[in-house]
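The lines below spell out each chain.
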Amino acid sequence: MTLGVPDLPPGSAPGRPRRAYLYADPAAHSRSPAMHRAAFAHAGLTGTYEAVRVPAPELSAALARLREPGVLGANLSLPHKEAALPFLDDLSEAARAVGAVNTVLHRDGRLLGENTDAPGLLAALEEAQAPAPSAGLTVVLGAGGAARAAVWALRSRGHDVRVVNRTPARAEALARNLGGTAQASGDVPWSGVTLLVNASSAGLDAPDETPLPDFDFSRLPPGALVYDMVYQPPETRLMREARAAGLRAENGRSMLAHQARLAFLAWTGVDVPASVFRAAAGGHEVRP
Ligand code: NAP
C-alpha cells in the first residue's frame with residue numbers, strides 16, 4: 001500500500017525549520033510529541049512537534065494554519081479525524097475509503113489527507129507474523145473509525161473479514177460500506193478464525209473490561225493471533241485470556257509506532273525505524 005507521497009515536501013532540505021502538530025481535544029496526554037521528537041533527533045533533522053488542543057469549532061482555522069511555509073503537516077485525533085475531510089484539498093485512497101484522516105500533509109500550500117492507521121495496522125501485523133489471509137477467517141471487533149481502517153486494510157490484503165460489534169447495526173453499516181460480513185459473536189465459526197483484531201475501545205484504561213465477555217478462547221485454532229489495538233494497559237484482559245488459552249496476543253503499541261512512522265515518512269521522506277517511535281511511546285510490553 002503506497003502513501004502516494006514519494007517526494008520530499010518543502011521544508012525538508014537540511015537546516016530548514018520544520019513544524020508538525022497534533023490537533024486533538026484533549027491533546028495533553030498524547031504520545032505523539034515524544035515519538036515524533038525522537039524521530040527528528042534520530043533522523044538528524046531540525047524539527048518541532050507540538051500537541052495543540054483544538055476544540056471542534058476551531059478546526060478549520062487550525063487546518064488553514066498548516067498551509068504556512070515550513071509546516072510539514074499535522075496528526076489528527078479525537079474528535080477531528082472525520083470532521084477534517086471537507087477542509088482538505090485532496091485525500092489518499094486510504095483516507096477516502098476509510099472516511100477518516102489521521103495525518104495531514106502540507107505540499108506547496110495544499111493539504112492532503114492521509115490515513116496511516118490502515119497501513120500501520122498491516123505493518124504491525126506483519127511484524128507480529130500474523131497468519132496469512134489464506135490461513136482462515138479474520139474477525140474485527142468494533143465499528144468505529146479504527147474498525148473502519150482495519151476492515152479496509154485487511155480486505156485490501158485479501159482477508160475474509162467478519163465484523164462483530166456491541167451495536168450490531170453499526171457493524172452492518174460498516175460491512176455494507178467497506179465489505180466483509182457483519183456477524184453476531186455467537187454466529188462466528190470461531191474454529192476457523194486465525195486472526196482476531198480488537199478495534200473496539202473496550203479495555204482501554206480498563207484492565208477488567210473485554211469486548212468478548214464469557215468467551216472461550218480455546219475455540220480458536222492454536223496458531224491464531226489476537227491483536228488488540230488498545231495499548232494501555234499493555235496487557236488487556238482480552239490479551240490475558242487469549243494467552244491463558246495458549247494463543248499469541250499483541251497489544252496496539254506496534255500499530256501506534258507504525259502509524260507514526262508512516263506519518264513521519266510522508267512528512268520528511270525519512271523512514272525512521274518503528275523501534276524509535278515505540279521506545280519513545282514509553283514503557284515495555286508485558287509478556288507472559
Ligand atoms: P470509536 O470510534 O469511539 O469506536 C469505539 C468502538 O468500540 C465502537 O464500535 C463501540 O461499540 C466499541 N465499544 C466501546 N466500548 C465497548 C465495550 N465496553 N464493549 C464492546 N464494545 C465497545 O473509537 P475508535 O477511534 O474506533 O478507536 C477504537 C480503539 O482503537 C481505541 O481504544 C483506540 O485507542 C484504538 N486505536 C489504536 C490505534 C493504535 O495505533 N494502536 C489507532 C487507532 C485507534 P458501539 O458501536 O456499540 O458503541
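What counts and how
- Residues numbered from 1 in each chain as written.
- Predicted model: local features only at pLDDT ≥ 70, side-chain atom pairs only at ≥ 80, totals over all residues.
- Heavy atoms only, no water.
- Helix = DSSP H or I, 4+ residues; strand = E, 2+ residues; numbered from the N terminus.
- Contact = heavy atoms within 4.5 Å.
- Polar contact = N/O pair within 3.5 Å; in protein donor to acceptor, adjacent residues only side chain to side chain.
- Near = heavy atom within 4 Å.
- Areas by Shrake-Rupley, 256 points an atom, 1.4 Å probe, with all protein chains shown as cover.
- Nonpolar A, V, L, I, M, F, W, Y, C, P; charged D, E, K, R; others polar.
- Domains from an automatic or database assignment.
- Buried area = accessible area lost by both parts, 1.4 Å probe.
- Salt bridge = Lys/Arg side-chain N within 4 Å of Asp/Glu carboxyl O.

Undergrad: Just checking my understanding: could you explain unusual backbone geometry for this structure?
TA: A negative phi angle characterises most non-glycine residues, just as the trans form characterises most peptide bonds. For the bond running from D25 to P26, omega is 10°, close enough to zero to count as cis. If you trace the backbone, P26 turns up in the loop between β1 (18-24) and α1 (32-43). Here L78 and P79 are connected by a cis peptide whose omega angle stands at 0°. Examined against the element boundaries, P79 turns out to sit in the loop between β3 (71-76) and β4 (90-91). Positive phi is not limited to glycine here, since D205 has a value of about 55°. Following the sequence through the fold, D205 ends up in the loop between β10 (193-198) and β11 (225-228).

Undergrad: Sorry, what's going on with the environment of S200 here?
TA: Relative to the elements of secondary structure, S200 occurs in the loop between β10 and β11. For S200, the residues in contact, after removing those within four places along its chain, are L141, G142, P211 and V230. Of the polar contacts made by the side chain of S200, one reaches the backbone nitrogen of A202; its length is 3.2 Å.

Undergrad: Before we go on, may I ask you to explain the site of the ligand in this structure?
TA: The full set close to the ligand counts 22 residues, and A143, A146, N165, T167 and R170 are the nearest of them. Here an oxygen atom of the ligand and a side-chain polar atom of R166 are 2.9 Å apart. Protein coverage of the free-state accessible area of the ligand, which is 930 Å², stands at 78%. Where the shell around the ligand is concerned, the elements lending two or more residues are α5 (145-156) and α8 (253-268). Partitioned by chemical class, the residues of the shell around the ligand number ten nonpolar, eight polar and four charged.

Undergrad: When you look at the domain arrangement of the protein in this model, what are you seeing that I'm missing?
TA: For the protein, the assigned domains read domain 1 (18-115 + 256-281) and domain 2 (124-251). For domain 1 versus domain 2, the separation of C-alpha centres amounts to 27 Å. Taken residue by residue, the interface counts twelve residues in domain 1 and nine residues in domain 2. Between domain 1 and domain 2, roughly 870 Å² of surface is buried when both sides are summed, and carbon and sulfur atoms account for 54% of that area. Between the two partners, domain 1 and domain 2, sit one salt bridge. The closest approach of N and O atoms between R278 and E127, which form a salt bridge, is 3.5 Å. Here domain 1 is connected to domain 2 by four residue pairs in polar contact (both at pLDDT 80 or more). Residue assignment for the side of domain 1 that touches domain 2 shows that the elements contributing at least two residues are α3 (93-98), α8 and α9 (274-281). Ranked by residue count, the leading element in the side of domain 1 that touches domain 2 is α3, at four residues.

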